Amino acid sequence: NSKTMIIVVILLFSIFGLWLSFRNHHTVFKMEVIPFAIFFYGFGYCFKDRLKTCRTTLAMTFLMLMLNFAVSQLLPKLDMCINQFGQYPLNLLNALLGTIVIFSISKFIDKKNCLYMKQLLIWCGQNTLLFMALSQLLNYWLLIAIHYLHISKVIALHCGIFCCLG
């Protein structure tokens with residue numbers, strides 16, 4: 001079965017990525033992040049039909065979001081550029097929870113026929129590269145604003161004002 005083979009390959013790559021993370025090993029061109037990325041491609045491929053058909057309630061979506069927030073508080077700083085994943089298994093769990101929450105929220109938006117919200121999400125999805133390119137610049141200006149407004153970095157992090165501290 002091809003799906004079983006894909007799951008085995010994903011598990012092997014994930015174990016290899018976990019081993020690289022534990023050893024803090026860096027490869028040429030930072031290719032040690034590939035096992036981490038392959039896990040998500042594989043997860044999406046293996047569970048795409050279930051994610052499309054699963055039914056979630058608003059309460060279950062909120063519970064997953066709170067669990068996602070709680071796990072993110074347990075994780076140390078994440079930095080893909082220097083292969084600093086924090087705790088590899090918890091990081092994978094957190095990322096999967098966040099992905100499932102996004103799928104659940106998008107289903108609720110689709111059910112409610114929120115045309116403006118749908119258009120905004122489609123625009124954001126089509127311009128992801130623009131957001132990625134401007135994220136460091138945005139983080140820089142947010143850090144300056146937080147400094148001049150005398151907002152505690154801890155409070156800013158818990159309020160979700162910015163993603164990472166520079």
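Residues numbered from 1 in each chain as written. Predicted model: local features only at pLDDT ≥ 70, side-chain atom pairs only at ≥ 80, totals over all residues. Heavy atoms only, no water.

## Digging into the overall build of the chain
Thinking step 1. Each helix and strand in the chain was counted, giving 7 helices and 0 strands.
Thinking step 2. Of the accessible surface of the chain, which amounts to about 12200 Å², a share of 73% is contributed by carbon and sulfur atoms. (Helix = DSSP H or I, 4+ residues; strand = E, 2+ residues; numbered from the N terminus. Areas by Shrake-Rupley, 256 points an atom, 1.4 Å probe, with all protein chains shown as cover.)

## Structural notes on a positive patch on the surface
Thinking step 1. On the surface, Lys3, Lys48, Arg50 and Lys52 cluster together to form a positively charged patch.
Thinking step 2. Counting residues per element, the positive patch draws most heavily on helix H2 (residues 34–53), at 3 residues.
Thinking step 3. On the secondary structure map, Lys48 appears in helix H2. (Patch = residues over 30% accessible without salt bridge, like charges linked within 9 Å, V, L, I, M, F, W, Y side chains within 5 Å. Salt bridge = Lys/Arg side-chain N within 4 Å of Asp/Glu carboxyl O. Lys, Arg positive; Asp, Glu negative; His and termini not counted. Charge placed at Lys NZ, Arg CZ, Asp CG, Glu CD.)

## Topic: the nonpolar core
Thinking step 1. In this structure, Ile10, Phe36, Phe39, Phe43, Cys46, Leu51, Tyr88, Leu92 and Leu96 together form the largest nonpolar core, which totals 9 residues.
Thinking step 2. For this core, the element with the highest residue contribution is H2, accounting for 5 residues. (Core = buried A, V, L, I, M, F, W, Y, C linked by side-chain atoms within 4.5 Å. Buried < 20%, exposed > 50% of the residue type's maximum accessible area, 1.4 Å probe, protein only.)

## A few points about the side chain of Ser104
Thinking step 1. Of note, Ser104 is situated in helix H4 (residues 88–112).
Thinking step 2. Aside from chain neighbours lying at most four places away, what touches Ser104 is Thr56, Thr61 and Met64. (Contact = heavy atoms within 4.5 Å.)

## Here's the deal with the side chain of Thr61
Thinking step 1. Relative to the helices and strands, Thr61 resides in helix H3 (residues 58–74).
Thinking step 2. The class of Thr61 is buried, set by a relative accessible area of 5%.
Thinking step 3. With residues near it in sequence (within four places) discarded, Thr61 still touches Thr56, Val101, Ser104, Ile105 and Phe108.

## Quick word on the packing of aromatic side chains
Thinking step 1. Inspection of every chain in the model, using the stated rule, returns 2 aromatic pairs.
Thinking step 2. Ring centres of Phe16 and Trp19 lie 5.9 Å apart, and the angle between their planes is 25 degrees; this geometry places the pair in the stacked category. Taken together, the residues Phe16 and Trp19, both in helix H1 (residues 2–23) and 3 residues apart, mark about one turn of the helix.
Thinking step 3. Given a relative accessible area of 42%, Trp19 falls into the partly exposed group.
Thinking step 4. Ring geometry for Phe43 versus Phe47: centroids 4.9 Å apart, planes at 40 degrees, classification tilted. (Phe/Tyr/Trp six-rings, centres within 6.5 Å; stacked < 30°, edge-to-face > 60°.)

## Things to note about the packing of H1 against H2
Thinking step 1. Contact geometry for H1 and H2: axes closest at 8 Å, N-to-C directions at 155 degrees. It follows that H1 is roughly antiparallel to H2 by the angle criterion. Classified by chirality, the crossing of H2 by H1 is left-handed. On H2, the residues touching Lys3, Ile6, Ile7, Ile10, Phe13, Ser14, Phe16 and Gly17 of H1 are Pro35, Ile38, Phe39, Gly42, Phe43, Tyr45 and Cys46.
Thinking step 2. Of the residues in the contact of H1 with H2, the class split is 11 nonpolar, 3 polar and 1 charged. (Axes fitted to C-alpha atoms, helices over the stretch in contact; angles between N-to-C directions. Parallel < 35°, antiparallel > 145°, perpendicular 65-115°, else oblique. Left-handed = near helix turned anticlockwise from the far one by under 90°. Nonpolar A, V, L, I, M, F, W, Y, C, P; charged D, E, K, R; others polar.)

## Some thoughts on the confidence of the model for the chain
Low pLDDT marks stretches whose predicted atomic positions should not be read closely.
Thinking step 1. Residues with a pLDDT of 70 or more make up 81% of the chain, whose mean pLDDT is 76.
Thinking step 2. When the elements of the chain are averaged for pLDDT, helix H7 (residues 153–159) gives the smallest value, 58, and H3 the largest, 86. (pLDDT = per-residue confidence, 0-100.)

## Observations concerning a nonpolar patch on the surface
Thinking step 1. A surface patch of nonpolar side chains, amounting to about 1000 Å² of accessible area, comprises Met117, Leu120, Leu121, Trp123, Leu130, Phe131, Leu134, Leu137, Tyr140 and Trp141.
Thinking step 2. Mapped onto the elements of the fold, Trp141 is located in helix H6 (residues 128–148).

## Observations concerning the environment of Val9
Thinking step 1. Examined against the element boundaries, Val9 turns out to sit in helix H1.
Thinking step 2. Sequence separation between Val9 and Phe39 is 30 residues, and the spatial gap between their C-alpha atoms is 9.3 Å.

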